[in-house]
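Listed below are the residues making up each chain.
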Amino acid sequence: ERATGYFAWRPVFAELATESLLAEVTRSHPELERVIPLLGAVVADAPPENDFTAQLQGDVRAENTRRLLTAVLQVAAQQDALLLVVEDAHWLDTTSRALLAEVVEHVEELTTVVATRPDGDAAPWASTTLRLDALGIEAVESLIAQRLSIDEVPPTLTDFVQRRAAGNPFYCVELVETM
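Conventions we followed
- Residues numbered from 1 in each chain as written.
- Predicted model: local features only at pLDDT ≥ 70, side-chain atom pairs only at ≥ 80, totals over all residues.
- Heavy atoms only, no water.
- Helix = DSSP H or I, 4+ residues; strand = E, 2+ residues; numbered from the N terminus.
- Rg over C-alpha atoms; globule rule 2.2 N^0.38 Å.
- Buried < 20%, exposed > 50% of the residue type's maximum accessible area, 1.4 Å probe, protein only.
- Contact = heavy atoms within 4.5 Å.
- Areas by Shrake-Rupley, 256 points an atom, 1.4 Å probe, with all protein chains shown as cover.
- Lys, Arg positive; Asp, Glu negative; His and termini not counted.
- Charge placed at Lys NZ, Arg CZ, Asp CG, Glu CD.
- Core = buried A, V, L, I, M, F, W, Y, C linked by side-chain atoms within 4.5 Å.
- Pairing = 2+ DSSP bridges.
- Right-handed = clockwise from strand over helix to strand, strands pointing away.
- Axes fitted to C-alpha atoms, helices over the stretch in contact; angles between N-to-C directions.
- Parallel < 35°, antiparallel > 145°, perpendicular 65-115°, else oblique.
- Nonpolar A, V, L, I, M, F, W, Y, C, P; charged D, E, K, R; others polar.
- Arc of directions from axis to C-beta.

**Points about the overall build of the chain**
Within the chain, the regular secondary structure consists of 8 helices and 2 strands. Across the chain, helices and strands are ordered from the amino to the carboxyl terminus as α-α-α-α-β-α-β-α-α-α. Its C-alpha radius of gyration of 22 Å places the chain more than 25% over the 16 Å reference for a compact globule of 179 residues. Each principal axis of the C-alpha atoms in the chain carries an extent, and together these give about 70 × 30 × 30 Å. A burial count over the chain gives 34% of its 179 residues as buried. Considering only contacts in the chain between residues 6 or more positions apart, those separated by 24 or more positions represent 67%. For the chain, the exposed surface amounts to about 11,500 Å²; the carbon and sulfur share of it is 50%. Computed over 13 positive and 29 negative side-chain charges, the separation of the two mean positions in the chain equals 6 Å.

If you want it as structure tokens, here you go:
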């Protein structure tokens with residue numbers, strides 16, 4: 001869904017964008033009340049467009065949507081301890097990526113974990129980077145033994161899985177379970 005704007009955020013806001021939270025957002029940020037219909041970018045039951053939001057287009061609409069969504073997360077994070085986990089961030093659409101960068105920068109109360117493939121450039125949200133290396137041969141052997149519930153793994157099987165999965169734990173498990 002890389003072509004669908006804010007696709008990665010839909011489950012987050014479907015859970016967070018309650019009437020009571022939105023009331024708190026408009027109390028805390030009264031200037032955002034008229035842009036509440038922009039929630040339609042992430043939730044199906046958002047209020048209908050109003051005269052103001054119907055006129056917003058392009059960058060202005062995108063900026064107002066990001067401001068609103070960031071405010072929703074900020075208010076939610078002030079009310080409760082929240083952890084946002086974004087897996088496969090390398091697949092994010094442009095708008096989801098821009099929102100993630102803004103949220104990380106402006107919502108200090110929110111703990112965020114972003115998992116992505118290394119792409120050479122530091123992502124705009126990277127503050128602490130933990131690089132995970134491929135599993136070594138011993139770890140692959142241990143993983144195979146655990147998944148197959150056996151004590152000893154034939155070296156040829158370990159070598160085969162290591163070569164094919166390149167030390168990726170997910171691929172190791174998938175390959176073993178497929179065989």
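**Re the nonpolar core**
Membership of the largest hydrophobic core comes to 33 residues, with the highest contact counts inside it found for Trp9, Phe13, Leu39, Val42 and Leu68. Broken down by secondary-structure element, the contributors of at least two residues to this core are helix 1 (10-16), helix 2 (19-28), helix 4 (58-79), strand 1 (83-86) and helix 5 (94-106). Top contributing element to this core by residue count: helix 4, with 8 residues. Those residues within four positions of Leu68 in sequence are excluded, and the remaining contacts are Leu32, Val35, Ile36, Leu38 and Leu39. Counting residues in hydrophobic clusters, the runner-up holds 11 residues, among them Val140, Leu143, Val153 and Val173.

**Focus on the pairing of strand 2 (residues 111-114)**
Direction of pairing for strand 1 relative to strand 2: parallel, over a ladder of 4 bridges. By the bridge assignment, Leu83 is partnered in strand 2 with Thr111. Once you follow strand 1 into helix 5 and on to strand 2, the crossover reads as right-handed.

**Thoughts on the side chain of Thr158**
Residue position: Thr158 is located in helix 7 (residues 155-165). Residue contacts for Thr158: discarding those within four places in its chain leaves Ile137, Val140, Glu141, Ile144 and Val153.

**Brief notes about the packing of helix 2 against helix 4**
Where helix 2 contacts helix 4, the axes come no closer than 9 Å and their chain directions differ by 105°. Classified by the interaxial angle, the pair formed by helix 2 and helix 4 is roughly perpendicular. Here Leu21, Leu22, Glu24, Val25 and Ser28 of helix 2 come into contact with helix 4, specifically with Ala71, Val72, Val75, Ala76 and Gln79. Partitioning the contact of helix 2 with helix 4 into residue classes produces 7 nonpolar, 2 polar and 1 charged.

**A short note on helix 2**
Within helix 2, the full set of buried residues consists of Leu21, Leu22, Val25 and Thr26. Mapping the buried residues of helix 2 onto a view down its axis gives an arc of 140°, with all of them on the same face. Facing away from the buried side of helix 2 by more than 90 degrees, the exposed set consists of Glu19, Ser20 and Arg27. Buried residues in helix 2 make contact with helix 1 and helix 4.

**Comments concerning the environment of Ala145**
By the element assignment, Ala145 lies in helix 6 (residues 137-148). By relative accessible area, which is 14% here, Ala145 ends up buried. As for Ala145 and Thr158, which are separated by 13 residues in sequence, their C-alpha atoms are 9.6 Å apart.

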